[in-house]
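Spelled out from the first residue to the last, the chains are:
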Amino acid sequence: MKLYKKEGRGIVKNFSNYIDFDKKENLRMESKCVHGALGCEPLTGAVSFPIYQTATFRHKALGESTGFDYTRLQNPTRQELERTIAILEGGLEGFAFSSGQAANMSLFTILNPGDHVILSDDIYGGTYRIGEDIFTKYGATFTYVDMSDIDNLKNAITDKTRMIFVETPTNPMMKVTDIEAVANIAKEIGAISVVDNTFLTPYFQQPLSMGIDVVVHSGTKYIGGHNDTIAGLVVVNRQDLADHMRLQLKSHGNGLAALDSWLLLRGLKTLHIRMERHNENAMKVANWLRNQDKVTKVFYVGFEDHPGYEITKKQTKGFGGMISFNVDSFETVKKILEGVDMVMFAESLGGTETLITYPRTQTHESIPEETRQKLGITETFLRMSVGIENADDIIADLDRALNG
Ligand SMILES: *Cc1c(COP(=O)(O)O)cnc(C)c1O
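Criteria and thresholds
Residues numbered from 1 in each chain as written. Predicted model: local features only at pLDDT ≥ 70, side-chain atom pairs only at ≥ 80, totals over all residues. Heavy atoms only, no water. Near = heavy atom within 4 Å. Polar contact = N/O pair within 3.5 Å; in protein donor to acceptor, adjacent residues only side chain to side chain. Areas by Shrake-Rupley, 256 points an atom, 1.4 Å probe, with all protein chains shown as cover. Nonpolar A, V, L, I, M, F, W, Y, C, P; charged D, E, K, R; others polar. Phe/Tyr/Trp six-rings, centres within 6.5 Å; stacked < 30°, edge-to-face > 60°. Helix = DSSP H or I, 4+ residues; strand = E, 2+ residues; numbered from the N terminus. Buried < 20%, exposed > 50% of the residue type's maximum accessible area, 1.4 Å probe, protein only. Axes fitted to C-alpha atoms, helices over the stretch in contact; angles between N-to-C directions. Parallel < 35°, antiparallel > 145°, perpendicular 65-115°, else oblique. Left-handed = near helix turned anticlockwise from the far one by under 90°. Contact = heavy atoms within 4.5 Å. Pairing = 2+ DSSP bridges.

S.K.: How would you sum up the site of the ligand? Please name residues and give values.
M.R.: If you check the shell around the ligand, you find 14 residues, and the closest are Gln 101, Asp 196, Ser 218, Thr 220 and Lys 221. In the model, an oxygen atom of the ligand is placed 2.9 Å from a nitrogen or oxygen of the Gln 101 main chain. Between the ligand and the protein, one listed contact pairs a nitrogen atom with a side-chain N or O atom of Asp 196 at 2.8 Å. About the coverage of the ligand: the protein hides 93% of its 380 Å² of free accessible area. Grouping the constituent residues of the shell around the ligand by class yields 4 nonpolar, 7 polar and 3 charged.

Here it is, written out as structure tokens:
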């Protein structure tokens, strides 16, 4: 068997001798999801990659390590997940953190005092908090722009701009950004480009292939996919960024635990079929919502009249499972949130269950009221993560709550 490619995707060598990595590289996306990096564990042949529940690793002799020393630094289960996500995103190295927030915190520590960051204006509330409430204290500055118009990004650039952080589609307004344009601008000015790929996952969108440097995920969402754990993932395409992330993970001690790494590996095995069903169901639900009298506007990237439709078609293979919408009154908001039965009123997204969120007081609470109003995150605004149930059941439930 061939050796694991030494130039990337992790630091541990020993397991590497067992896999024919090049062969895996040629597999199609669906097979990569199922088979991961090593996939089958090489020492015992376990088809389900084991949960290496150990804090430390025995050494054979002085100066002779198995490649694993201490789980905060590396753990075989976490490594399998890190390599798998790196393969799926087409990156150099992957990193698994204890949450999406932990992943972004560790990424942002690359900023130096005085550095400037440009972010999407309706960014996830937690990412906004990392900038405003934490890194401004260390002298970094943050500008939020509507990146669906790339000129807004260009106009916000200063000679201190060090990072461009994009969510596309955005959470929750579903605005779409031209990823390739962002990558090119970042290269021109020598900034690090980052895409939060939580909403579409590598199954539908692969930012690194469009020239982006870093992809981040809340692994809690579609990657894990079952609303059963919290996790974060980062994939980088540059060795200097890989070194930065590895140092942060090791120093903050915020690497994902073995059990949770296994849950994500298990989730990834069905990523492709889950994403297809999310996509299919969301299309049906969005079209239904659009025809309801009490629904005043539906934000969904799969509509042909969505302003970002052409860019979406260019850079993604699907629309995902996220929909936001406005209703006619706060009374209707209450009716829906309190009236749904199978559909659940809960924060989060990307799991098998359909969830409805009230962004104003949930995901986007950290954002100032004035900004929220400007973005459209008002008291009549709702966000839905369409699950993989039968679409007719989702619609029937919404219909009861909304019109019953
Ligand atoms: C949930 C979420 C995060 C934060 O991830 P956690 O796993 O909750 O820490 C970041 N970005 C987006 C787009 C999210 O939806």
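S.K.: Any chance you could break down the packing of aromatic side chains for me, citing the residues and the numbers?
M.R.: Inspection of the entire model under this criterion finds 13 aromatic pairs. When the ring of Phe 108 is compared with that of Phe 165, the centres are 5.7 Å apart and the planes differ by 65 degrees; the resulting orientation is edge-to-face. Here Phe 165 lies in strand β4 (residues 161-167) and Phe 108 lies in helix α4 (residues 100-108), a separation of 57 residues in the sequence. The same class applies to Phe 108 as to Phe 165, namely buried.

S.K.: Before we move on, can you summarise the packing of helix α11 (residues 271-290) against helix α15 (residues 391-403) with the specific residues and values?
M.R.: Where α11 meets α15, the axes come as close as 9 Å, and the angle between the chain directions of the two elements is 30 degrees. Comparing the axis directions of α11 and α15 gives the class roughly parallel. Two packed elements cross with a definite hand, and for α11 against α15 that hand is right-handed. Contacts from Asn 281, Lys 284, Val 285 and Trp 288 of α11 reach α15 at Ala 391, Ile 394, Ile 395, Leu 398, Asp 399, Leu 402 and Asn 403. When the residues that make up the contact of α11 with α15 are grouped by side-chain class, the tally is 7 nonpolar, 2 polar and 2 charged.

S.K.: Can you break down the sheet that holds strand β1 (residues 93-97) residue by residue, with the values?
M.R.: Read from one edge to the other, the open sheet built from 7 strands follows the order β1-β7-β6-β5-β4-β2-β3, with strand pairing classed as mixed. Of all strands in the sheet, those bounded by a partner on one side alone are β1 and β3 (141-145). Neighbouring strand axes in the sheet, compared pairwise and without regard to direction, differ in orientation by 20 degrees on average. Sheet analysis places strand β2 (residues 116-120) next to β3, joined by 5 bridges and oriented parallel. Its bridge partner being in β3, Val 117 is matched across the sheet by Phe 142. Across the sheet, helix α3 (residues 76-89) touches β1, β6 (214-218) and β7 (232-236), and the angle it forms with β1 is around 130 degrees.

S.K.: Break down the pairing of strand β9 (residues 322-327) for me, citing the residues and quoting the values.
M.R.: Of all 6 residues that make up β9, 6 are buried, and the element is covered over most of its length. Of the two faces of β9, the one holding Met 322, Ser 324 and Asn 326 and the one holding Ile 323, Phe 325 and Val 327 are both buried throughout. Here strand β8 (residues 295-299) pairs with β9 via 4 bridges, running antiparallel. Of the residues in β9, the one forming a bridge with Phe 299 is Ser 324. As paired strands, β9 and strand β12 (residues 381-385) are joined by 5 bridges and run antiparallel to one another. Bridging across to β12, Met 322 finds its partner in Ser 385.

S.K.: Lay out the environment of Gly 90 with the relevant residues and their values.
M.R.: Among the structural elements, Gly 90 can be located in the loop between α3 and β1. Of the residues examined, Gly 90 reaches a relative accessible area of 45% and is grouped as partly exposed. Here the alpha-carbon distance between Gly 90 and Pro 207, two residues 117 residues apart in the chain, equals 9.1 Å.

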